[in-house]
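Topology and contacts: notes
One letter stands for each residue in the lines below.
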Amino acid sequence: MGIINYISIIAVPLVILLIILYGVIERKKVFDIFIEGTKEGLKTTIKILPTLIGLFLAIGALRSSGIIEGIGKILYPILTIIKFPIEILPLALLRPISRKCINSNSNRHNEDIWSR
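Residues numbered from 1 in each chain as written. Predicted model: local features only at pLDDT ≥ 70, side-chain atom pairs only at ≥ 80, totals over all residues. Heavy atoms only, no water.

1. Overview of the confidence of the model for the protein chain
The pLDDT averaged across the protein chain works out to 82; a share of 83% of its residues lies at or above 70. Of all secondary-structure elements in the protein chain, the lowest mean pLDDT belongs to helix 4 (residues 89-108), at 68, while helix 1 (residues 2-25) reaches the highest, 90. Below pLDDT 50 for its whole length, residues 112-116 participates in four contacts with residues either more than four positions away or in separate chains. (pLDDT = per-residue confidence, 0-100. Helix = DSSP H or I, 4+ residues; strand = E, 2+ residues; numbered from the N terminus. Contact = heavy atoms within 4.5 Å.)

2. Considering the pattern of salt bridges
Opposite charge on two side chains allows them to pair when their charged atoms are near. Tallied over the entire structure, the rule returns one salt bridge. With its nearest N and O atoms 3.7 Å apart, the salt bridge here joins glutamate 36 to lysine 39. Linking glutamate 36 with lysine 39, this pair stays in helix 2 (residues 30-65), spanning three residues, or about one helical turn. Under the relative-accessibility criterion, glutamate 36 is labelled partly exposed at 48%. (Salt bridge = Lys/Arg side-chain N within 4 Å of Asp/Glu carboxyl O. Buried < 20%, exposed > 50% of the residue type's maximum accessible area, 1.4 Å probe, protein only.)

3. Side note on helix 3 (residues 67-81)
Along its 15 residues, helix 3 runs 22 Å from first to last C-alpha, staying within 8% of the 21 Å computed at 1.5 Å per residue. Remark: the principal bend of helix 3, roughly 55°, maps to leucine 75, with a proline, proline 77, within the next four residues. Listed as buried for helix 3 are Ile68, Gly72 and Leu79. Backbone geometry just after helix 3 places lysine 83 at a positive phi near 60°. (Expected span 1.5 Å × (residues − 1). Bend = angle between axes of the 7 residues up to and from the residue.)

4. Observations regarding the packing of aromatic side chains
Across all of its chains, the model carries one aromatic pair by this definition. Judged by centre distance (6.4 Å) and plane angle (35°), the rings of phenylalanine 31 and phenylalanine 34 are tilted. Placement of the pair is phenylalanine 31 and phenylalanine 34 together in helix 2, with a separation of three residues, close to one helical turn. Each member of the pair, phenylalanine 31 as well as phenylalanine 34, is classed as exposed. (Phe/Tyr/Trp six-rings, centres within 6.5 Å; stacked < 30°, edge-to-face > 60°.)

5. A closer look at the environment of tyrosine 76
Mapped onto the secondary structure, tyrosine 76 falls in helix 3. The exposure class assigned to tyrosine 76 is partly exposed, which follows from its relative accessible area of 45%. Taking the C-alpha atoms as reference points, tyrosine 76 and leucine 89, separated by 13 residues in sequence, lie 9.7 Å from one another.

6. Focus on unusual backbone geometry
In the Ramachandran plot, arginine 27 falls in the positive-phi region, its phi being about 55° despite a non-glycine side chain. If you trace the backbone, arginine 27 turns up in the loop between helix 1 and helix 2. Residues other than glycine seldom take positive phi values, yet lysine 83 does so here, at roughly 60°. One can find lysine 83 in the loop between helix 3 and helix 4.

In structure tokens form, the structure reads like this:
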């Protein structure tokens, strides 16, 4: 267990160091590239923020209204037969909705942020 802890402690600093060393060896302006990447990431965050806020509000409304629990009670007999854990039903129901929201947002801005 000690080796795993040691590796987990040094993993992130080691990756950062390797990236910086690669940039220095290739004579790249590592900090300038980093700043450009953060600017691009911030633009992406601002573009998807309205969708995320709407998604969080919709999920909160569904949970507080009891619809998710109601669906769970309706599906409980079937889920117990197939041995599906009832605890993860909200995740199974809401994940496709959240994926659709993120995908529709990237299509709305006519760019696919995952293809870079």
